[in-house]
Amino acid sequence: MHVLVTGGAGFIGSHIAEYHLARGDKVHVVDNLSTGSRENINGFLGNARFHFDEADIVTWEGLDKAVAWADRIYHMAAVVGVYRVLREPVGTMATNIAGTERVLRAVESGGWSPQVVLASSSEVYGPHSEPRLSEDDSLIIQSGAPLRWNYAISKLADEGFGLAYAREHNIPVIIARFFNTVGPRQTGRYGMVVPRFVQRAVANEPITVFGDGEQSRSFCDVRDTVAILDRLASMPDLPNGEIVNVGSDREISINDLARLVIDVAQSQSPIDHIPYKEAYGAEFEDIRHRRPSLDKLRRLTGYEHEWTLESTLADLIRRARAQNSQGEN
């Protein structure tokens, strides 16, 4: 199979590339390296079945040719991370929306119908109070939405484009709403909580929790996420434009996450709390609870997760310590 991964040098995208290379597929990655890293794909560059283009998906001249080659497209390219979203509100909207529409337009005009997996986000649910978020729930976008919600709006627009192209042009599109994916290669540089906590715990430095820490999330290992995406994309009878939550439905508060990281790492790190304004340099409205309903995912795929949060954290801590040891030598 020929697999095109936009944003394929990023955290999730590089794992998708690795997964398909391990299966013997040919993989073409495009990434402008604004968020992704060449280090994430260095191990693939010597593989004859792997090709990399450093380019921006919005302007890349090779898009039409790559789309015509692909049997499956994972569209992962996007501006991500709270820090970047707050700092680059225009770029977030423009890149995420224009990039998605350009990919879909290339598929439609190419006369070939590869399977398209569009990366969306749990952020589209907005400030919901439901204990579990289901794919058919109403989505909440606040009037005069602050910069905090630009990412959610851009992802909702991406979903709209995906549904429109699926219905009007019969393009096989799957929309995956990700819930807090974590694992190897994720960086805390743009505000992701797990890599920040792990690095601090390994160094026995204070772990900084934003806000009161009682906000809760559901974390899913990227290796489960990638396997789920493949399972969904491999289903021959899945309707075009299907929207599916992808994640874990185990919920944990950020305070408890910090304590769990400390426990797994056997760390001496204290836990500090700071206001959101101090953390982000701006007023910030956080989501208090975010837990997906996985009823549809389980009904469609029967998938059982292989990674618990504890096993993921143990793996990340081991990797962080090994990397630190190499840096000291």
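Residues numbered from 1 in each chain as written. Predicted model: local features only at pLDDT ≥ 70, side-chain atom pairs only at ≥ 80, totals over all residues. Heavy atoms only, no water.

Novice: Could you clarify how one ought to interpret the sheet that holds strand β2 (residues 26-31) in this entry?
Specialist: With parallel pairing, the seven strands of this open sheet are ordered in space as β3-β2-β1-β4-β5-β6-β11. Both outer strands of the open sheet, β3 (50-54) and β11 (242-246), are each paired with one neighbouring strand and no more. Strand-to-strand, the axes of this sheet are offset by a mean angle of 20 degrees, without reference to chain direction. One ladder, built from five bridges, connects strand β1 (residues 2-6) with β2; its direction is parallel. Its bridge partner lying in β2, V5 is registered against V29. Along the sheet face, helix α5 (residues 150-169) touches β5 (115-121), β6 (173-178) and β11 and points at about 155 degrees away from the line of β5. (Pairing = 2+ DSSP bridges. Helix = DSSP H or I, 4+ residues; strand = E, 2+ residues; numbered from the N terminus. Axes fitted to C-alpha atoms, helices over the stretch in contact; angles between N-to-C directions. Contact = heavy atoms within 4.5 Å.)

Novice: Looking at this structure, I do not really get the packing of aromatic side chains. What am I missing?
Specialist: Ring pairs (aromatic) are described by centroid distance and by the angle formed between their planes. By the definition in use, this model includes two aromatic pairs. Between the aromatic rings of F44 and F50, the centroid separation amounts to 5.6 Å while the plane-to-plane angle is 70 degrees, which identifies the pairing as edge-to-face. When its relative accessible area of 9% is taken as the criterion, F50 is described as buried. Pairing Y125 with F179 gives two aromatic rings, centres 6.0 Å apart and planes at 40 degrees, and the pair type is tilted. Taken together, the residues span a long stretch of sequence, with Y125 in the loop between β5 and α5 and F179 in the loop between β6 and β7 (181-182) at a distance of 54 residues. For the residue pair Y125 and F179, the accessibility class agrees, reading buried in each case. It is R223 that lies over the ring of W307; its NZ or CZ is 3.6 Å from the centre. (Phe/Tyr/Trp six-rings, centres within 6.5 Å; stacked < 30°, edge-to-face > 60°. Buried < 20%, exposed > 50% of the residue type's maximum accessible area, 1.4 Å probe, protein only. Lys NZ or Arg CZ within 6 Å of the ring centre and 35° of its normal.)

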